[in-house]
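Each chain is listed here by its residues.
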Amino acid sequence: MALLEIENLTAGIEGKALLRGISLTVGSGETHVLMGPNGAGKSTLGYTVMGSPEYTVTGGTIRFDGEDITELSADKRAKLGIFLSFQSPVEIPGISLSDFMRNAMEQITGERMKLWDFKKKLKAAMEILQMDAAYADRDLNVGFSGGEKKKAEILQLLMLRPKLAILDETDSGLDVDAVKTVSAGIDAYRRACGGALMIITHNTKILESLPVDRAHILVNGQLAAEGGQELVDAVNRSGFEAFTEK
Amino acid sequence: MKQKPQITDINRSRYDFRFAEDAGDLLASGITPQIIREISEEKGDPEWMREFRLHALEIFARTEMPEWGPPIDGLNLDNIVAYIRPKSRMNTEWDDVPEHIKETFERLGIPQAERESLAGVGAQYDSELVYHNVRREVAESGVVYTDLESAMHDPRYAEMIRSHFMKLVPPTDHKFAALHGAVWSGGSFVYVPAGVHLEIPLQSYFRLNAKGAGQFEHTLIIVEDEAYLHFIEGCSAPKYYEAGLHAGCVELYVGKNATLRYSTIENWSKNMYNLNTKRAIVEEGGRIEWVSGSFGSHVSYLYPMSILNGRGAHAEFTGITFAGEGQNLDTGAKIVHQAPDTSSHMDTKSISKSGGISTFRSAVTVTEKAVGSRSSVSCESLMLDDISRSDTIPVMDIRTDQADIGHEARIGRISNKAVFYLMSRGLDEQTARAMIVSGFADNVSKELPLEYAVEMNNLIRLEMTGATG
């Protein structure tokens, strides 16, 4: 069954069109890859699906689980089961990662969590990501290195267990070991709840350990090509040139 | 592990109630020598105190209104009833406290707070202490915690009070210090003997609850050499529409190598004029640590001063001010370095919203004697919308070139990116904004005992929804 259905979506910022008629469908539990050169609109698509007020939707619809969410605010989309891993997670001084996480989980589930249960879950998830337990008490993303921030995003993914996770350049700026750790986290998420993935990337390192159901190439705000693993392999071999020169 | 406060659902009514007026001996409005004599007689003041009051009234009469800070012409001094004595007398047992007063306190959570961790409660209802209790172990350690009036009549402390009362803040300091000297009523006296470390904090809770009533409580704390005390002062007031005035006075004496931590959460109703004076003097190697949360009031003037009087003395000021609609809060801190190798640090945050005005004043004075002194001031402001205002006014008077002085000020707004980030995790916009603001206020909340930190976050949340009186 279709989980996310994007139909002829156009969106932009201050009158400038960034997405120019995009249609794509992600089924439950599927893994999709969104690739393309810098500035193609990949992140814009991710943010627009999440409901960022920065971008204005000028046409088309976004449906999630059959519901039209085009006009919904980000928190409502999160409650329906959409998650976005940020390329540059925001630092929030004065709020610990742990307090924030518990608060977010309670908001999404609408239920109070027992502190003990929460801590157990958090500890287990942090172990998967090889995060030092001390990070739980640190202010959210404040002073985290690039790699730590990405791990903290995947930690939230593991805790919140959304139906669809959009990962925006989660692999960028990570060394080989960190990519492995983050991949293990993403794998754990899929095994835990069978969630769908939309992976935004301009390289394919992170995809080595993930079976790809569908790949989309985005160029200049439009889909230039779609296919399966073979498309990822083609990009791997010869980059995006073949798609941009069309 | 450090426990950060959780933002939980709050019962708004807690901050917004009052009982029907029952203050019996409402003296005539307006302040005349006759009234001062009546107050003095009612209290059975010693001779010196009656003279002190009358002298302070003279100073009050001839002193001009303050020329700095936000306007206070909405304040009608003639209408302020200086002294309203509640029907109840001093109580040492909770059971003896009259029911309606108890109800007020229970809604403020005082008995619970006491049960949990606090050593004693001195709660002021209207102008007099009605409940006072210090746990036995505190008393046995030689610590004195009582109301100032009782102490003044106790031969063991009478001389101590006479030699310290309004010596740090003389009535000539400013007009409202003079008024305070004339009409002061209630407040706390704490004496910590040399070498005594009181692990549990002492708490007092002040509250206004009568129309037009002024609150003029006086706090006098003496911490002898090598001793330690944490004193917590909490204030809140019910909603009122008639001009109210708070002109309290706090005097803190910190001995050699002693430490005094003085924490305050003030939450006055939005029609109050909070013209409060706080001052500490710190001897060699001693420390004063102020933790201050200023909420509520229509206008506030509040600048706790630390006088570093002995070599190596240290002052620390951590504060937050929240100015919402109709509020003009003029707060800050003053530090006087007048001995060598003294050090001070100010870390303040201010938040303004819905047209609120927040002004932060820092004044650092380093005298010629204070060679080798260090001072750093950090001030951050957060404006929650375009109609609010935030100003920083740093003043430095440095009389030696052998001092290390730093000042840093930042003004910012809540970033839309941060709000979206939190919303993408399921927090609605209001919750996301409240969380960012609570985080901003973390410098103060992490210095407060948990229950106070929770209360402060609740207050911030209330202020964010604009629902307070």
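Next up on the list: the sheet that holds strand β5 (residues 67-68) of chain A. Residue and element names in this part refer to chain A. The strand order β2-β1-β4-β5 describes an open sheet built from 4 strands, whose pairing is antiparallel. Two strands bound the open sheet, and with one partner strand each, they are β2 (16-27) and β5. As paired elements, strand β4 (residues 56-64) and β5 share 2 bridges and run antiparallel to each other. Bridging from a neighbouring strand, R63 pairs with D68 of β5.

This next bit is on the interface of chain B and chain A. Contact with chain B, which involves 22 residues of that partner, is made by 24 residues of chain A. Contributing elements (two or more residues each) for the side of chain B that touches chain A: α9 (416-423) and α10 (429-440) of chain B. A total of 6 residues in the side of chain B that touches chain A trace back to one element, the largest contributor, which is α9(B).

Moving on: helix α6 (residues 176-193) of chain A. All names here are of chain A. Over its 18 residues, α6 runs 26 Å from end to end, which matches the ideal 26 Å to within 8%, given 1.5 Å per residue. Where α6 is buried, its residues contact α4 (115-128), α5 (146-160) and β9 (164-168). Just downstream of α6 lies G194, where phi reads positive at about 60°.

Our next topic: the environment of A:G143. Residue and element names in this part refer to chain A. Positionally, G143 belongs in the loop between β8 (139-140) and α5. Take G143: there are 10 C-beta atoms within 10 Å of it, and that puts it in the exposed class. As a C-alpha pair, G143 and R112 span 31 residues in sequence and 30 Å in three-dimensional space.

A few words on the sheet that holds strand β11 (residues 214-219) of chain A. All names here are of chain A. Taken in spatial order, the 6 strands of this open sheet run β6-β9-β10-β3-β11-β12, and their pairing is mixed. Two strands in the sheet have a free side with no partner beyond their single neighbour: β6 (82-85) and β12 (222-227). Mean inter-strand twist for the sheet, computed between neighbouring axes without regard to direction, equals 20°. In this sheet, β12 lies alongside β11 in antiparallel orientation, the contact comprising 5 bridges. Following the sheet pairing, V219 is matched in β12 by Q222.

Looking now at the nonpolar core. Within the largest apolar cluster, 190 residues are counted, with the highest numbers of intra-cluster contacts made by A:L164, A:I166, B:V223 and B:V254. Every residue in contact with A:I166, bar those within four places of it in the chain, is listed here: A:G46, A:V49, A:M50, A:F83, A:L84, A:S85, A:M198 and A:I200.

Moving on, we get to the confidence of the model for chain B. Residue and element names in this part refer to chain B. Scored by pLDDT, chain B comes out at a mean of 80, with 76% of its residues at no less than 70. Low confidence marks residues 1-29, where pLDDT is under 50. Its contacts with residues over four positions away, or in another chain, come to 58 contacts. Note that residues 236-241 has pLDDT below 50 and, in this model, 21 contacts with residues that lie over four places away or in other chains. The complex prediction reports pTM at 0.80, with the ipTM value standing at 0.96.

All names here are of chain B. Close contact between helix α2 (residues 47-62) and helix α8 (residues 175-183) brings their axes to 7 Å; oriented N to C, the two are set at 155°. Taken as axis vectors, α2 and α8 run roughly antiparallel relative to one another. Between α2 and α8 lies a crossing of left-handed hand. Across from F52, R53, A56, L57, I59 and F60 in α2, the residues of α8 making contact are K175, A178, L179, G181 and A182. When the residues that make up the contact of α2 with α8 are grouped by side-chain class, the tally is 8 nonpolar, 1 polar and 2 charged.

The backbone of A:N8 sits at a positive phi, close to 45°, despite the residue not being glycine. Within the secondary structure, A:N8 is located in strand β1 (residues 2-13). Assessed through the 12 C-beta atoms surrounding it within 10 Å, A:N8 is described here as exposed. The phi dihedral of B:E226 falls on the positive side, at around 60°, and the residue is not glycine. Mapped onto the elements, B:E226 comes out in the loop between β7 (218-223) and β8 (228-236).

Moving on to the environment of B:P304. Residue and element names in this part refer to chain B. Within the element layout of this structure, P304 appears in the loop between β15 (299-302) and β16 (305-308). The exposure class of P304 is buried, given the 24 C-beta atoms found within 10 Å. Distance in space between the C-alpha atoms of P304 and V250 is 8.9 Å, their sequence separation being 54 residues. Discounting residues that sit within four places of it in the chain, P304 has contacts with K278, W290, S292, F317 and A333.

Rules used throughout
- Residues numbered from 1 in each chain as written.
- Chains lettered and ligands numbered in written order.
- Predicted model: local features only at pLDDT ≥ 70, side-chain atom pairs only at ≥ 80, totals over all residues.
- Pairing = 2+ DSSP bridges.
- Helix = DSSP H or I, 4+ residues; strand = E, 2+ residues; numbered from the N terminus.
- Contact = placed C-beta atoms within 7 Å.
- Expected span 1.5 Å × (residues − 1).
- Buried ≥ 20, exposed ≤ 12 C-beta atoms within 10 Å, placed from the backbone.
- Axes fitted to C-alpha atoms, helices over the stretch in contact; angles between N-to-C directions.
- Core = buried A, V, L, I, M, F, W, Y, C linked by C-beta atoms within 7 Å.
- pLDDT = per-residue confidence, 0-100.
- Parallel < 35°, antiparallel > 145°, perpendicular 65-115°, else oblique.
- Left-handed = near helix turned anticlockwise from the far one by under 90°.
- Nonpolar A, V, L, I, M, F, W, Y, C, P; charged D, E, K, R; others polar.

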